[in-house]
Amino acid sequence: EGKLISQQSDVTLVWPYKDCVLEGGQTKEDQKRDEIFYNETLAPDEVNRLLYPKVFTNAKRYSENGVEDITEIDDADNLIIKGNNLLALASLLRRYEGKVKCIYIDPPFNTGKDSFKYNDRFNRATWLTFMRNRLMIAKELLSDDGVIFVHADYNEIHYLKVLMDEIFSRENFLNDIIWCYKERETSKRFFNRKHDNILFYAKRSEGNYLFNYDLIREEYSEVTISKFKYTDENGRKYRLRTKDGDSDPAEESDNTYRQYLDEESGPLPRDWFVLSFLNQAASERVGFNTQKPEKLIRKFILATTEENDIVLDFFGGSGTTASVAHKTKRKYISIEQIEGQLSIQLKRLQNVINGDQTGISQEVNWQGGGSFVYCELMEQNETIVSELQAADTSEAVQAILNRITDDGLIIPAVLPDDLRSHMDEFAELPLEQQKKLVMELIDKNKLYVNLCDMDDEELAVSDADKAFTRSFYRMDGKGEM
């Protein structure tokens, strides 16, 4: 921020590996990676290569006409990316830096219960590293008048607030929004938990960020509605007021007029509100236990964006943010790596295109239409990482080590011949230590195919994938942007 240390008065968090890069990620719902494997100290050039733009593959457009393979993407397209969200965010910078108007994320809460089907058992230092890496890039993607909402609960909200003060600046903190929900009591010992927190920040408080409070005014209470005790021939509720300012006269006269309920704008939005969780019978449920209601996300999107603004969610999950953005005519980018959640998201958005009437559809008069582009980060070593996590014998781990050694997929600092000469010592290690060592040896810069390696014949990138990747990065025929 350009301040001297002696001028700093902010509270900051300091923890092990704070300046490291936590790639992390998982591809299956039942794959609980020990993310500490990725908490490695990388030299600046290694970080740059890790976050270098990646090659895209399997690009398709979903629309009312079905699914078609594509080789180009347009600025008007909505986008869903399959892949590690840190690396996907870094790739987005080339096209979307400074263009995203609103970010909403619902990251793993670090509860230790795995209820989000993410690896939700990070220790605090690792979780903070995981979040810091992603929030730093997210800030670059925001426009100067952009905002971000980060959803959390009591497990990490206070640490997250200090972290976000550090990244976005305390002056840019706008509010701590409280979502109160109704659910049955779970404990007789403590005060029952009935809320989540959503931290709300602007990229720049002086950036004239948008706030459409008229679009999200609160609904009237039952007490207020009961005061509108008359109904006209069209079924509209109203109450009588006198022209000299008195309210609720006993009968209509020359000194009274009609005040209609549907012409009132309602109370200004508060920073707390009551909205129920989706129960098992909710029509918008898509099989995701912690799926957020579309009404919740609608508040944030309507308040801070206009039609055609870009909304980003890099913990895409079941696709609630994308669904709401689609129905409210905003553009969106959604990133998700877990295959099970991604398939739910794709099916859900196809239903939205076909006129789905769940969630906020009736409120916004949604009739269907639109499209989105789906693509994947092209994997290289990522499949090996998945195999390593699943390996349950020493022989399986050693086979993976031999493969990455033979294929030149180990870190440059280790020579293959030196590694082979110590295989007997490696075999003596416990299984978990073997897995951790191999994880450290895998070249993290080769988890996905880097853009600069796209024309490497050994990687066999197809002409269609090359064309789409060039279109995404706006590259000319010579490969220049």
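It should be emphasised that the depicted structure is a prediction, and the values quoted were computed from it without experimental measurement.

Calculation criteria
Residues numbered from 1 in each chain as written. Predicted model: local features only at pLDDT ≥ 70, side-chain atom pairs only at ≥ 80, totals over all residues. Heavy atoms only, no water. Helix = DSSP H or I, 4+ residues; strand = E, 2+ residues; numbered from the N terminus. Buried < 20%, exposed > 50% of the residue type's maximum accessible area, 1.4 Å probe, protein only. Contact = heavy atoms within 4.5 Å. Areas by Shrake-Rupley, 256 points an atom, 1.4 Å probe, with all protein chains shown as cover. Salt bridge = Lys/Arg side-chain N within 4 Å of Asp/Glu carboxyl O. Pairing = 2+ DSSP bridges. Right-handed = clockwise from strand over helix to strand, strands pointing away. Patch = residues over 30% accessible without salt bridge, like charges linked within 9 Å, V, L, I, M, F, W, Y side chains within 5 Å. Lys, Arg positive; Asp, Glu negative; His and termini not counted. Charge placed at Lys NZ, Arg CZ, Asp CG, Glu CD. Axes fitted to C-alpha atoms, helices over the stretch in contact; angles between N-to-C directions.

Participant: Would you take a moment to explain the overall build of the chain for this structure?
Facilitator: If you tally the helices and strands in the chain, you get 14 helices and 14 strands. For the chain, with 481 residues in total, the buried portion stands at 51%. Sequence-distant contacts, at least 24 apart, represent 72% of the contacts inside the chain between residues at least 6 apart. Total accessible area computed for the chain in this model is approximately 23,700 Å², and 46% of it derives from carbon and sulfur atoms.

Participant: I tried to follow the environment of valine 274 on my own but got confused; where do I start?
Facilitator: In this fold, valine 274 is placed in strand 11 (residues 272-274). Residue valine 274 is classed as partly exposed on the basis of its relative accessible area of 48%. Note: C-alpha distance between valine 274 and leucine 296 (22 residues apart in sequence) is 9.8 Å. The contacts of valine 274, once residues within four sequence positions are left out, are Cys180 and Lys182.

Participant: Explanation requested: the pattern of salt bridges in the structure shown.
Facilitator: In a structure, side chains of opposite charge can pair up when their charged atoms sit close to one another. In this structure the tally under the stated criterion is 22 salt bridges. Here glutamate 339 makes a salt bridge to lysine 82, at a shortest N to O gap of 3.9 Å. Of the two residues, glutamate 339 is situated in helix 8 (residues 339-353) and lysine 82 in strand 3 (residues 79-82); the sequence distance between them amounts to 257 residues. Residue glutamate 339 is classed as partly exposed on the basis of its relative accessible area, which comes to 38%. You can call lysine 82 buried: its relative accessible area is 19%.

Participant: In this structure, what is going on with helix 6 (residues 294-304)? I would like to understand it.
Facilitator: Along an α-helix, residues three or four positions apart point the same way, because every turn accommodates 3.6 residues. Of all eleven residues in helix 6, eight are buried, a share of seventy percent or more. By the burial criterion, the buried members of helix 6 are Glu294, Leu296, Ile297, Phe300, Ile301, Leu302, Ala303 and Thr304.

Participant: Looking at this structure, how should I read the pairing of strand 12 (residues 310-313)?
Facilitator: A regular strand places its side chains on the two faces of the sheet in alternate fashion. Because side chains alternate across strand 12, one face comprises the buried residues Ile310 and Leu312, and the other comprises Val311 and Asp313, equally buried. Here strand 4 (residues 100-105) pairs with strand 12 via three bridges, running parallel. Counterpart to isoleucine 103 in the pairing with strand 12 is leucine 312. One crossover worth recording links strand 12 to the parallel strand 13 (residues 331-336) by way of helix 7 (residues 320-327), and it is right-handed.

Participant: Looking at this structure, I do not really get the sheet that holds strand 8 (residues 230-231). What am I missing?
Facilitator: Taken in spatial order, the three strands line up as 8-9-10 in an open sheet, and their pairing is antiparallel. In the strand order of this sheet, the two ends are held by strand 8 and strand 10 (256-260), each with one partner. Direction of pairing for strand 9 (residues 237-242) relative to strand 10: antiparallel, over a ladder of five bridges. Across the sheet, residue tyrosine 238 finds its bridge partner in strand 10, namely tyrosine 260.

Participant: Would you mind showing me how to read a negative patch on the surface here?
Facilitator: On the surface, Asp453, Asp456, Glu457 and Glu458 cluster together to form a negatively charged patch. Counting through the fold element by element, glutamate 457 comes out in the loop between helix 13 (431-441) and helix 14 (463-472). For glutamate 457, a relative accessible area of 76% gives the class exposed.

Participant: Got a minute to help me understand the sheet that holds strand 6 (residues 173-180) in this structure?
Facilitator: Within a sheet, adjacent strands bond to each other through the backbone by hydrogen bonds, running parallel or antiparallel. Taken together, eleven strands build an open sheet; the order of strands is 2-1-14-3-13-12-4-5-7-6-11 and the sheet is mixed. Single-partner strands in this sheet number two, and they are strand 2 (66-69) and strand 11. Between one strand and the next, the sheet's axes are offset by a mean angle of 20°, whatever the strand orientation. Packed on one face of the sheet, helix 3 (residues 124-141) meets strand 4, strand 5 (142-152) and strand 12 and runs near 150° to strand 5. Strands strand 4, strand 12 and strand 13 of the sheet are contacted by helix 7, whose axis makes an angle of about 165° with strand 13.

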